[in-house]
Amino acid sequence: MVERARALQPEIAARADETEADGSPPADLIETITDAGLYRLFIPAAAGGEEVPPLVVFHAIEALAAADPSTGWVVMLASELSLVSGFLETEHLREMIGSDEPGGPRCRIAGSSRPTNLGTRVEGGWLVNGISTFASGVDHATHVVIAFKDEANPGDQYMSFVDPEQGEILRTWDTMGLRGTGSHDYRNEDVFASDQRTMKFGSRPVAPGPNWRIPDGGIASWLQNGGQAVGAAQGAIDEVVRFAKHVDSKSDSRSLAEREHFRVAVGRAQARVGSARSYVREMGSRAWESVVAGDPDLDAVAQWRLANVNAVHAATEAVEMLFPAAGTNAIHRRWTLERRFRDLQVARRHNAGLDFNWDAGSRHMLGLPPLTRGNAIPDRDRFSSDRA
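Here's a quick rundown of the structure.

When helices and strands are tallied, the protein shows twelve helices and eight strands. Rg of the C-alpha trace for the protein: 21 Å, near the compact-globule value of 21 Å for 388 residues, within the 12% margin. Along the three orthogonal principal directions, the C-alpha set of the protein runs to about 75 × 45 × 40 Å. By residue count, 57% of the 388 residues in the protein fall in the buried class. Taking as baseline every contact in the protein between residues at least 6 positions apart, the subset at least 24 positions apart corresponds to 74%. For the protein, the computed accessible surface area is about 15,900 Å², with 50% contributed by carbon and sulfur atoms. Looking at the protein, you have 41 positive and 53 negative side-chain charges, and the mean spots of the two groups are 6 Å apart.

Here you go:
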């Protein structure tokens, strides 16, 4: 799957300007990515999905984001929300995503896991009203995830898959970065969410695979944010290195490569990105092996969370080092450096990049109670493969 993502890099990079200008990846490019299976990375195997390990998804998203951060982001969010499919009964999931149709499932999932809507209980499901925010890739979605609170019992929260035409896309996405992600809001007005396509927050997964047994829902779904950030930054580094020997400036006839301060910045940036990637791989591998073995290493899981938020911050800081070192070259759109600078500033504002992740990751080290925000709740029972 990672090789498939890498094979698409030239086409994705060639369409990056179009993606930025149109506010969303082109429809034919989305179909190409779908053909490669990259929209079903976290779909359970029993429903025809790839169900690959998290580090595979990390590197697949990294490859896409290296070509274009916005395209990588759209597929990243689809992957995160695809984990929700593991909480639906397999027969209903297979029917919903077309598992038995020729070619298997071609689902593209968008939406939001934030419970910003209210649901009213009706026969066979819920009527949902409200607005789902930041639904990246919603223009190309085959299914939209909406999250809501029970209006009668607000402490009970749910997520459901609905058909895109049931609601209305509100074109609210006009930002400094990640402009090509189409992360618009989605309005729900008496949208029917069937019980068969709905899961309750805190329920136990149906899918038996280890992707649904990681005892920290935040790291399980947000690991791809680190991959997107690392890819975006690595793409920036690769670009400036490629042009450094051939670019000078009006104030200095030497090429960028001949300037010590530029070489120092490149070296520091590459070390930051490389070490961040290695930390994710080390902690992710250790944690994953323990989850697969059925005895999660909570220390490794906690450090996996630290590694992921570190990757987001390190990638952003690496591009911040490169930007001034490249001088006035950095401000021109003939390079993607300025776009990646903007993209990473926005990416860092996602929940996966916020400071509470440092708190969540360090609490286990300090012997403190786990943080409840962001699903950092070590819970062996809920994530057990035994559903009895």
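So, about the packing of helix α9 (residues 260–292) against helix α10 (residues 298–325). Where α9 contacts α10, the axes come no closer than 8 Å and their chain directions differ by 165°. The orientation of α9 relative to α10 falls into the category roughly antiparallel. For α9 against α10, the interelement crossing comes out left-handed. The class makeup of the residues in the contact of α9 with α10 is 22 nonpolar, five polar and five charged.

The backbone phi angle of Leu-178 is positive, close to 50°, even though this residue is not glycine. Positive phi outside glycine occurs at Asp-190, with the angle close to 50°. Turning to its location among the elements, Asp-190 is positioned in strand β7 (residues 184–194).

Let's shift gears to the side chain of His-184. In this structure, His-184 sits in strand β7. At 3.3 Å, the side chain of His-184 and the backbone nitrogen of Thr-172 are in polar contact.

Take the pairing of strand β2 (residues 117–122) next. Examined bridge by bridge, β2 and strand β3 (residues 125–135) share six bridges and lie antiparallel to one another. When the sheet's bridge partners are listed, Leu-118 is paired in β3 with Asn-129. Two successive antiparallel strands, β2 and β3, enclose a turn made up of two residues, where Gly-124 displays a positive phi of approximately 80°. Pairing between β2 and strand β4 (residues 143–150): three bridges, direction parallel. Across the sheet, residue Leu-118 finds its bridge partner in β4, namely Lys-149.

Here the focus is the packing of aromatic side chains. Enumeration according to the criterion identifies seven aromatic pairs in this entry. Centroid distance Trp-126 to Phe-148: 5.4 Å. Interplanar angle 55°. Geometry classified as tilted. In this pair, Trp-126 sits in strand β3 while Phe-148 sits in strand β4, placing the two residues 22 residues apart along the sequence. By the burial criterion, Trp-126 is buried, and Phe-148 matches it. Aromatic side chains Trp-222 and Phe-356 sit 6.1 Å apart centroid to centroid with 70° between the ring planes, which places their arrangement in the edge-to-face category. Of this pair, Trp-222 sits in helix α8 (residues 217–243) while Phe-356 sits in helix α12 (residues 356–366); the two residues are 134 residues apart in sequence, bridging distant segments of the chain. Using a relative accessible area of 13% as the deciding quantity, one classes Trp-222 as buried.

What counts and how
Residues numbered from 1 in each chain as written. Predicted model: local features only at pLDDT ≥ 70, side-chain atom pairs only at ≥ 80, totals over all residues. Heavy atoms only, no water. Helix = DSSP H or I, 4+ residues; strand = E, 2+ residues; numbered from the N terminus. Rg over C-alpha atoms; globule rule 2.2 N^0.38 Å. Buried < 20%, exposed > 50% of the residue type's maximum accessible area, 1.4 Å probe, protein only. Contact = heavy atoms within 4.5 Å. Areas by Shrake-Rupley, 256 points an atom, 1.4 Å probe, with all protein chains shown as cover. Lys, Arg positive; Asp, Glu negative; His and termini not counted. Charge placed at Lys NZ, Arg CZ, Asp CG, Glu CD. Axes fitted to C-alpha atoms, helices over the stretch in contact; angles between N-to-C directions. Parallel < 35°, antiparallel > 145°, perpendicular 65-115°, else oblique. Left-handed = near helix turned anticlockwise from the far one by under 90°. Nonpolar A, V, L, I, M, F, W, Y, C, P; charged D, E, K, R; others polar. Polar contact = N/O pair within 3.5 Å; in protein donor to acceptor, adjacent residues only side chain to side chain. Pairing = 2+ DSSP bridges. Phe/Tyr/Trp six-rings, centres within 6.5 Å; stacked < 30°, edge-to-face > 60°.

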